[in-house]
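Topology and contacts: notes
Each chain, written out:
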Amino acid sequence: MSIKGVIFDLDGVIVSTDEYHYQGWQRLADEERIYFDREINERLRGVSRMESLEIILEKSDRVYSQDEKIKLAERKNNYYRELLKKITPDDILPGVRNVLEELKRRSIKIAIGSSSKNSPTILERIGLDTCFDATSDGNDIKNSKPDPEVFLIAAKRLSLSPEECLVVEDAGAGVEAGITSGMRVLAVGSAKDDKRAHISAKDMDSITVDEMLDV
Ligand code: B16
Ligand code: MG
């Protein structure tokens with residue numbers, strides 16, 4: 001079946017907000033005197049805010065109550081949102097704009113499938129808030145990646161079946177979500193060596209739309 005829609009992950013695919021997530025978590029971990037580094041940060045890609053916090057707390061000696069955990073997650077989100085103010089359309093990752101334009105030219109539908117509750121703010125800041133035919137994000141879902149929910153909602157909003165969709169992801173959890181949802185998967189960036197993906201590329205500048213649609 002040919003591809004009629006492409007569902008893009010946001011953080012790490014459209015824009016490098018992943019670095020700001022890292023800085024927000026690092027600040028929180030330092031304040032709480034919890035060990036955290038970039039290797040642990042890799043495990044946070046694509047997973048929800050509260051699940052990310054649980055991964056960080058694995059290195060803590062202290063047991064936090066549920067109320068305290070909610071406050072920690074809010075604190076990190078405030079740090080992160082402060083950093084997001086720096087983002088402009090210039091931060092759209094290489095090749096993304098061309099790929100989006102070419103897909104539109106070919107009448108291929110495009111959507112966002114992101115775990116982030118900050119997705120609407122980010123899209124607005126980079127000037128792509130009216131660019132997509134549909135969006136599905138952390139505000140729409142009960143289960144975050146690797147659960148397929150976010151991509152299945154995006155496909156439904158595009159009025160397409162999973163088999164007609166290609167997912168573009170930079171996270172192992174997102175590649176798994178795409179495969180489980182019955183879609184084809186293009187892995188980029190940090191996920192480019194993930195063998196579960198149908199195709200991969202260093203970034204969106206290193207692949208043509210013909211290659212993307214020929215999976
Ligand atoms: P928020 P994506 C994900 O976005 C990030 O990769 C992940 O690191 C983050 O924890 C998650 O969004 C939730 O983000 O705290 O803004 O709701 O890669 O699925 O676009
Ligand atoms: Mg991502």
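What counts as what
Residues numbered from 1 in each chain as written. Chains lettered and ligands numbered in written order. Predicted model: local features only at pLDDT ≥ 70, side-chain atom pairs only at ≥ 80, totals over all residues. Heavy atoms only, no water. UniProt positions renumbered as here; feature names shortened; annotations may be inferred. Helix = DSSP H or I, 4+ residues; strand = E, 2+ residues; numbered from the N terminus. Expected span 1.5 Å × (residues − 1). Buried < 20%, exposed > 50% of the residue type's maximum accessible area, 1.4 Å probe, protein only. Arc of directions from axis to C-beta. Salt bridge = Lys/Arg side-chain N within 4 Å of Asp/Glu carboxyl O. Core = buried A, V, L, I, M, F, W, Y, C linked by side-chain atoms within 4.5 Å. Domains from an automatic or database assignment. Near = heavy atom within 4 Å. Polar contact = N/O pair within 3.5 Å; in protein donor to acceptor, adjacent residues only side chain to side chain. Areas by Shrake-Rupley, 256 points an atom, 1.4 Å probe, with all protein chains shown as cover.

By the naming in an unreviewed UniProt entry, the chain is Beta-phosphoglucomutase, taken from Candidatus Scalindua rubra. Quoted verbatim from the Sequence similarities (unreviewed entry) field of UniProt, the annotation for the chain is "Belongs to the HAD-like hydrolase superfamily. CbbY/CbbZ/Gph/YieH family."

**Comments concerning helix H4 (residues 66–84)**
What sets the pattern is the α-helix's 3.6 residues per turn: residues three or four places apart point alike. For H4, which comprises 19 residues, the first-to-last C-alpha distance of 27 Å matches the rise-based estimate of 27 Å (1.5 Å per residue) to within 8%. Residues of H4 that are buried include every one of Lys-69, Leu-72, Ala-73, Lys-76, Asn-77, Tyr-79, Tyr-80, Leu-83 and Leu-84, and no others. With its buried residues spanning 160° around the axis, H4 presents them on a single face. Counted as exposed and oriented over 90 degrees from the buried face of H4: Asp-67 and Lys-71.

**Structural notes on unusual backbone geometry**
Cis geometry is found at the peptide bond from Lys-145 to Pro-146, where omega equals 15°. Relative to the elements of secondary structure, Pro-146 occurs in the loop between strand S3 (134–136) and helix H7 (149–157). Despite not being glycine, Arg-33 has its phi angle at roughly 55°, a positive value. The topology assignment puts Arg-33 in the loop between helix H1 (18–31) and helix H2 (38–42). A relative accessible area of 79% places Arg-33 in the exposed class. Of note, Ser-107 is a non-glycine position whose phi angle comes to about 60°, a positive value. Considering the arrangement of structural elements, one finds Ser-107 in the loop between helix H5 (96–105) and strand S2 (109–113). On the accessibility criterion, Ser-107 (63% relative accessible area) is exposed.

**Observations concerning the pattern of salt bridges**
Tallied over the full model, the rule gives 22 salt bridges. When the shortest N-O distance is used, the salt bridge between Glu-68 and Arg-62 registers 2.6 Å. Take Glu-68: its relative accessible area is 31%, and that puts it in the partly exposed class. Residue Lys-192 is joined to Asp-193 by a salt bridge in which the shortest nitrogen-to-oxygen separation is 3.7 Å. Owing to a relative accessible area of 55%, Asp-193 belongs among the exposed residues under this scheme. Several salt bridges converge on common partners, so that one network encompasses Asp-18, Glu-42, Arg-45 and Asp-170.

**Quick word on the nonpolar core**
In this structure, Val-6, Phe-8, Ile-14 and Phe-132 are the most contacted members of the largest nonpolar core, which totals 36 residues. Taken together, the elements giving at least two residues each to this core come down to strand S1 (5–8), H4, H5, S2, helix H6 (119–125), strand S4 (165–169), strand S5 (184–188) and helix H9 (209–213). Per-element tally for this core: the top contributor is H5, with four residues. Of the domains in this structure, domain 1 (5–16 + 89–213) and domain 2 (18–84) are the two that each give at least three residues to this core.

**Let's talk about the site of ligand 1**
As a structural note, the neighbourhood of ligand 1 is formed by 18 residues, with Asp-11, Val-47, Ser-114, Ser-116 and Asn-118 the closest of them. One of the side-chain N or O atoms of Ser-52 is found 3.4 Å from an oxygen atom in ligand 1. Residue Lys-117 places a main-chain N or O atom 2.7 Å away from an oxygen atom belonging to ligand 1. A total of 470 Å² of accessible area belongs to ligand 1 in isolation, and the protein chains cover 97% of it. Among the domains, domain 1 (5–16 + 89–213) and domain 2 (18–84) are the pair contributing at least three residues each to the shell around ligand 1.

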